[in-house]
Amino acid sequence: MRRGEAERDVSLPDGDAHNASAVTRPLSRDLPDWFQTLGRGAWLLVGIAALAAIVFFLLGLISDLLIPLIFAAILAAIFVPLVDLLERWRLPRWLGAPLVVLLAIGVVALVVWMVVAGLLGRDREILTQVTAGLDEAGSLAGVAEPNTEQALKTAGTLIQTLLGGVLSGLSSVTVLIVGIVTGLFILLFLMKDWRLVIDGTSNRIAALLGLPTSVGRQIVSDTVHSFRGYAGGLTIIALMNGVVVGLGAVVLGVPLAGPIAIVTFVTSYIPFFGAFFAGAFAIVIALGAKGLSVALAMLAITLLTNNTLQNLLEPVAFGKTLRLHPLVVLLVTTAGTLLFGVLGATLAAPVTAVAQRTINLLRDTGLFGALTTPSPAGVDVPSPQGGREASADPAAPE
């Protein structure tokens, strides 16, 4: 009796009980589902942005090592087939890798010499033609006295800004030399122990994602083949652009056809912005040397090369696996240029293609579905390792 009386004494009136339940009920239950989903998504974006900021900050601290490592990894993916070929010819990898590195250095030195000899050897003539072209453009635009020197200074500042993204972490000539030497050593060891590096990276990725080793190998293989195919396809397109624009300059009688072809070839490795710079260079020289009609013809050749011919050649050069929508290429290239300069502009498109292929591969393996879709009780769900989880049905026979 006393217990019942106590319970009656502590019991609350109906109004007070309703108020207490309203206070203790979570506020989120009164919100619509779409609003709760939007809130969780917003906090998720904030967390991703904070994590990205921390990652970029840490990467900036080790940029002196990161930049040579990136270049070495890309060059290793491109040149390692030559080491494999030499190994099939009974040449050990510890000897084949240095020979390929020396061959690569020789090729790079030859290209640099051709560019320097073609441009700097005729620097006065180039400067004269560019100045004349800018003066002609200013007079056509109705400017009485165009400031040619200011235009040249602006172009120089733009080039320094682009190069600053690559050399931002290389604060001095000594650091630059150390970075080059470090990159060469990394390249040497990557090509020498390529299989060991690939196997270790594949196993690490598979263990990190909780997936079979075969999936990790597929991710690494797709990444390597994507960068290799992108470099080869971009070289083919650059050669086509340089040859066509150079021949067009010769046919139109534009001076400095050789430097125009070299600039077009080199800048073709930078999507969109490289074509804009090379086209402007060729058109300004044509305008200063031959007048408006030849400059318009040079513009037509440049547009034809960088649009129609390049679009026809891209499926053959890149294949279907590396093709991206032009708008996507423009956006990621712009973002890469703003963040990392020439390095970001050059690598933005292949990195995006690799990320897209990796996400599609992980989606095919069911990783995203396993992370986001809860399994109902009593239903067997395949595990990421290819096995099957035990049934959660308590009535299942043992």
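Everything numeric in this text was worked out from a predicted model, so none of it was measured.

Chemist: How would you sum up the overall build of the chain? Please name residues and give values.
Modeler: The number of helices and strands found in the chain is 16 helices and 0 strands. The burial tally for the chain puts 28% of its 398 residues in the buried class. Within the chain, contacts between residues at least 6 apart in sequence are counted, and of these 66% link residues at least 24 apart. Of the roughly 25000 Å² of accessible surface on the chain, 70% is carried by carbon and sulfur atoms.

Chemist: How would you sum up the pattern of salt bridges? Please name residues and give values.
Modeler: According to the stated counting rule, one finds 6 salt bridges in the structure shown. One salt bridge connects Arg 217 with Asp 199, and the closest N-O pair in it is separated by 2.8 Å. Of this pair, Arg 217 sits in helix α10 (residues 213-252) while Asp 199 sits in helix α9 (residues 194-209), placing them 18 residues apart in sequence. Overall, Arg 217 belongs to the partly exposed group, its relative accessible area being 40%. Across the pair Asp 222 and Arg 357 runs a salt bridge whose closest N-O atoms are separated by 3.1 Å. Here Asp 222 is found in helix α10, whereas its partner Arg 357 is found in helix α15 (residues 342-364), with 135 residues between them in sequence. Relative accessible area serves as the criterion here: at 13%, Asp 222 is assigned to the buried category. On the basis of relative accessibility, which here comes to 25%, the residue Arg 357 falls in the partly exposed class.

Chemist: Explain the nonpolar core to me, and be specific about the residues and the numbers.
Modeler: In this structure, Ala 76, Leu 187, Met 191, Trp 194 and Val 224 are the most contacted members of the largest nonpolar core, which totals 17 residues. When residues of this core are assigned to their parent elements, the largest contribution, 6 residues, is made by helix α4 (residues 63-88). Apart from the residues within four sequence positions on either side, Ala 76 is in contact with Leu 187, Leu 190, Met 191 and Trp 194. Core analysis: the second largest hydrophobic core is formed by 16 residues, Leu 256, Ala 282, Ile 285 and Val 294 among them.

Chemist: Explain unusual backbone geometry residue by residue, including any values.
Modeler: Look at Arg 90: it is not a glycine, yet its phi comes out positive at around 70 degrees. Within the element layout of this structure, Arg 90 appears in the loop between α4 and α5 (93-119).

Chemist: Describe helix α12 (residues 273-290), and please don't skip the residues or the numbers.
Modeler: Compared with the 26 Å implied by 1.5 Å per residue over 18 residues, the 25 Å span of α12 between its first and last C-alpha is a close match. Inspection of α12 places Gly 274, Ala 278, Gly 279, Phe 281, Ala 282, Val 284, Ile 285, Ala 286 and Leu 287 among the buried residues, and these make up the whole buried set. Once α12 ends, the next one or two residues include Gly 291, with phi positive near 100 degrees.

Chemist: Tell me what's going on with the side chain of Ser 268, and back it up with residues and numbers.
Modeler: On the secondary structure map, Ser 268 appears in the loop between α11 (257-267) and α12. A distance of 3.3 Å separates a polar atom in the side chain of Ser 268 from a polar atom in the side chain of Asn 241. Look past the residues within four positions of Ser 268 in its chain and what remains in contact with it is Leu 234, Ala 238 and Asn 241.

Chemist: Any details on the packing of aromatic side chains? Residues and values, ideally.
Modeler: In the structure shown here, the tally under the stated rule is 2 aromatic pairs. A ring pair is formed by Trp 34 and Phe 35, whose centres lie 5.6 Å apart and whose planes are at 85 degrees; its orientation type is edge-to-face. Phe 35 sits in the partly exposed class, given a relative accessible area of 42%. The interplanar angle of 90 degrees and the centroid separation of 5.8 Å between the aromatic rings of Phe 265 and Tyr 269 together place this pair among those described as edge-to-face. With a relative accessible area of 25%, Tyr 269 lands in the partly exposed category.

Chemist: Any chance you could break down a nonpolar patch on the surface for me, citing the residues and the numbers?
Modeler: A cluster of nonpolar side chains, contributed by Leu 51, Ile 54, Val 55, Phe 56, Phe 57, Leu 58, Leu 59, Leu 61, Ile 62, Leu 65, Leu 339 and Phe 340, occupies part of the molecular surface with about 1200 Å² of accessible area. Put simply, the parts of the chain that give the nonpolar patch at least two residues each are α3 (33-61) and α14 (326-340). With 8 residues, the top contributor of residues to the nonpolar patch is α3. Assignment of secondary structure puts Ile 54 in helix α3.

Chemist: Quick rundown of the side chain of Asp 222? Include the residues and the values.
Modeler: A distance of 3.1 Å separates a polar atom in the side chain of Asp 222 from a polar atom in the side chain of Arg 357. Excluding its chain neighbours within four sequence positions, the residues that come into contact with Asp 222 are Arg 357 and Leu 361.

Chemist: Account for α4, with residues named and values stated.
Modeler: For α4, with 26 residues, the first-to-last C-alpha span of 37 Å sits near the 38 Å given by 1.5 Å per residue. At Phe 79, α4 shows its strongest bend, of approximately 45 degrees, with the proline Pro 81 following within four residues. Along α4, the positions that sit buried rather than exposed are Ser 63, Ile 67, Pro 68, Ala 72, Ile 74, Ala 76, Ala 77, Val 80, Val 83 and Leu 86. Following α4 by one or two positions, Arg 90 has its phi on the positive side, about 70 degrees.

Chemist: With reference to specific residues and values, describe the confidence of the model for the chain.
Modeler: Looking at the chain as a whole, the pLDDT averages 74, with 69% of positions reaching at least 70. For the chain, per-element mean pLDDT is lowest for helix α1 (residues 2-10), which scores 48, and highest for α10, which scores 88. Overall, residues 3-10 carries pLDDT values under 50, and its contacts beyond four positions in sequence, including any with other chains, amount to 0 contacts. Residue range residues 162-170 is modelled with pLDDT below 50. Its contacts to residues more than four positions away, or to other chains, number 17 contacts.

Parameters at a glance
Per-chain numbering applies: the sequence of each chain, read as written, is numbered from 1 onward. Predicted model: local features are reported for residues with pLDDT of at least 70 only, side-chain atom pairs are reported and counted for 80 or more only, and whole-chain, interface and lining totals are derived from all residues. The basis for the side-chain values is all heavy atoms of the structure; hydrogens and waters are excluded. Here a helix means four or more residues in a row that DSSP labels H or I, a strand means two or more in a row labelled E, and each is numbered from the N terminus. The buried label goes to any residue with under 20% of its type's maximum accessible area, the exposed label to any with over 50%, and the partly exposed label to all in between, with areas taken from a 1.4 Å probe on protein chains only. By definition, residues are in contact when any of their heavy atoms lie within 4.5 Å. Areas reported here follow the Shrake-Rupley algorithm with a probe of radius 1.4 Å; residue values treat only the protein chains shown as occluding. For salt bridges, the criterion is a side-chain nitrogen of Lys or Arg within 4 Å of an Asp or Glu carboxyl oxygen. The criterion is simple. A nonpolar core is a set of buried Ala, Val, Leu, Ile, Met, Phe, Trp, Tyr and Cys residues joined through side-chain atoms within 4.5 Å. Expected span, for any helix, means 1.5 Å times one less than how many residues it has. The definition of a polar contact used here is a pair of N or O atoms within 3.5 Å, where within protein one atom must be able to donate a hydrogen and the other to accept one, and adjacent residues in sequence count solely through side-chain atom pairs. Only rings of Phe, Tyr and Trp enter the pairing, Trp through its six-membered ring, and a pair is recorded when the two centres are within 6.5 Å. The plane angle decides the type: under 30 degrees is stacked, over 60 is edge-to-face, the rest tilted. Only residues whose relative accessible area exceeds 30% and that form no salt bridge are eligible for patches; like-charged ones are grouped when within 9 Å, while nonpolar side chains (Val, Leu, Ile, Met, Phe, Trp, Tyr) are grouped when within 5 Å. Each residue is assigned a bend, namely the angle between axes fitted to the seven residues that terminate at it and the seven residues that start at it. Note: pLDDT gives the predictor's confidence per residue, expressed from 0 to 100.

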